[in-house]
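The residues making up each chain are set out below.
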Amino acid sequence: MPGIDGLTTVLEAALPRERLPLIRVDFSDPKAWRRLAKAVSTPVDFSSPIDNDPDDFDPGYSVPLDVIDDPAFAGITAADLVDAAELSEAAGMRGYAILVDTRSVAEAAGDGGLASVEIVDLARIPGQTFRCLATSVATVHANLSTGNLFFDEFTTGDEVFDG
């Protein structure tokens, strides 16, 4: 793992301003990683069945992601990411990042099909985290990006936000 200065350099190079970083930090199971990346990036249809007009095609809401599959990020933690972001000009460009960590990979490798990711606040209360089902990231993003909910409203102790 690079030092904080090296991580800051990688962070600045890897994170475009307009996209949410989905960062792979566990490289033990490529198949589980692909499952998680797909679950996070799959569009979600938020339309109500009442509003569902068969003539209106809605492809669903997609989170604008920057998928980072770089071994330079192997083993980093939320705290490492916050430290690097604080040193970086990129810190003020986004509010949070998504980490696919060891727990995420272990859950995705299991038979249950429900895997969580760690959401890390980089701006409002840097270092605050919560876990969220990979399939619920679009709900989190939609609420945070519109100001409908704030980051701390998702933090519920050890519970996993499930949409």
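Computed from a predicted structure; not experimentally measured.

1. Things to note about the pattern of salt bridges
Phase 1: Across all of its chains, the model carries three salt bridges by this definition.
Phase 2: The closest approach of N and O atoms between Arg131 and Asp101, which form a salt bridge, is 2.9 Å. Residue Arg131 is found in strand E5 (residues 129-133), and its partner Asp101 is found in the loop between strand E3 (96-100) and helix H4 (102-109); the two are separated by 30 residues along the sequence. Neither Arg131 nor Asp101 differs from the other in exposure class; each is buried.
Phase 3: Notably, a salt bridge pairs Arg103 with Glu107, separated by 2.9 Å at the nearest N-O pair. You can see Arg103 and its partner Glu107 sitting in helix H4, four residues apart, about one turn around the helix.

2. Focus on the pairing of E3
Phase 1: When you tally the buried positions in E3, you get five out of five residues, the bulk of the element.
Phase 2: Here E3 shows no split at all, with Tyr96, Ile98 and Val100 on one side and Ala97 and Leu99 on the other all buried.
Phase 3: Pairing geometry for E3 and strand E4 (residues 116-121), over four bridges, is antiparallel. Paired with Ile98 across the two strands is Ile119, which belongs to E4.

3. Remarks on the packing of helix H2 (residues 30-41) against H4
Angle between the axes and distance between the axes are the two parameters that describe a pair of packed helices.
Phase 1: Interhelical geometry of H2 versus H4 gives an angle of 95° and a closest axis separation of 8 Å. With respect to H4, the element H2 is oriented roughly perpendicular. Where H2 approaches H4, its residues Ala32, Arg35 and Leu36 are matched on the opposing element by Ser104, Val105, Ala108 and Ala109.
Phase 2: For the contact of H2 with H4, the per-class residue count stands at five nonpolar, one polar and one charged.

4. Structural notes on helix H5 (residues 137-146)
One full turn of an α-helix is made of 3.6 residues, so residues set three or four places apart face in the same direction.
Phase 1: The buried count for H5 comes to eight of ten residues, which makes it a mostly enclosed element.
Phase 2: Those residues of H5 that fall on the buried side of the exposure criterion are Val137, Ala138, Thr139, Val140, His141, Ala142, Asn143 and Leu144.
Phase 3: Immediately downstream of H5, the backbone of Gly147 shows phi near 75°, a positive value.

5. Section: the nonpolar core
If you look at soluble globular proteins, the nonpolar side chains tend to sit buried side by side.
Phase 1: Residues Leu22, Leu36, Val40, Ile98, Val117, Ile119 and Val137 are the most contacted members of the largest nonpolar core, which totals 26 residues.
Phase 2: Elements represented by at least two residues in this core include exactly strand E1 (20-24), H2, E3, H4, E4, E5 and H5.
Phase 3: Ranked by the residues each element gives to this core, the list is headed by H2, at five residues.
Phase 4: Residues in contact with Val40, not counting those within four places in the same chain, are Leu22, Leu65, Ile98, Val117, Ala134 and Val137.

6. A closer look at the side chain of Glu118
Phase 1: Topologically, Glu118 is positioned in strand E4.
Phase 2: Of the side chains bearing the opposite charge, Arg131 lies closest to the buried Glu118, which forms no salt bridge; the N-O distance is 4.5 Å.
Phase 3: Within polar-contact distance, the side chain of Glu118 engages the side chain of Thr129 at 3.4 Å.
Phase 4: When neighbours within four sequence positions are excluded, Glu118 is seen to be in contact with Ala78, Ala97, Ile98, Leu99, Asp101, Ser104, Thr129, Phe130 and Arg131.

7. Concerning the environment of Leu144
Phase 1: Within the fold, Leu144 resides in helix H5.
Phase 2: A sequence separation of 49 residues divides Leu144 from Gly95, and the C-alpha atoms of the two residues are 8.8 Å apart.
Phase 3: Every residue in contact with Leu144, bar those within four places of it in the chain, is listed here: Tyr96, Leu149, Phe150, Phe151 and Phe154.

8. Describing the environment of Leu133
Phase 1: Residue placement: Leu133 occurs in strand E5.
Phase 2: Sequence-wise, Leu133 and Ser104 are 29 residues apart; in three dimensions their C-alpha atoms are separated by 9.2 Å.

Rules used in this analysis
- Residues numbered from 1 in each chain as written.
- Predicted model: local features only at pLDDT ≥ 70, side-chain atom pairs only at ≥ 80, totals over all residues.
- Heavy atoms only, no water.
- Salt bridge = Lys/Arg side-chain N within 4 Å of Asp/Glu carboxyl O.
- Helix = DSSP H or I, 4+ residues; strand = E, 2+ residues; numbered from the N terminus.
- Buried < 20%, exposed > 50% of the residue type's maximum accessible area, 1.4 Å probe, protein only.
- Pairing = 2+ DSSP bridges.
- Axes fitted to C-alpha atoms, helices over the stretch in contact; angles between N-to-C directions.
- Parallel < 35°, antiparallel > 145°, perpendicular 65-115°, else oblique.
- Contact = heavy atoms within 4.5 Å.
- Nonpolar A, V, L, I, M, F, W, Y, C, P; charged D, E, K, R; others polar.
- Core = buried A, V, L, I, M, F, W, Y, C linked by side-chain atoms within 4.5 Å.
- Lys, Arg positive; Asp, Glu negative; His and termini not counted.
- Polar contact = N/O pair within 3.5 Å; in protein donor to acceptor, adjacent residues only side chain to side chain.

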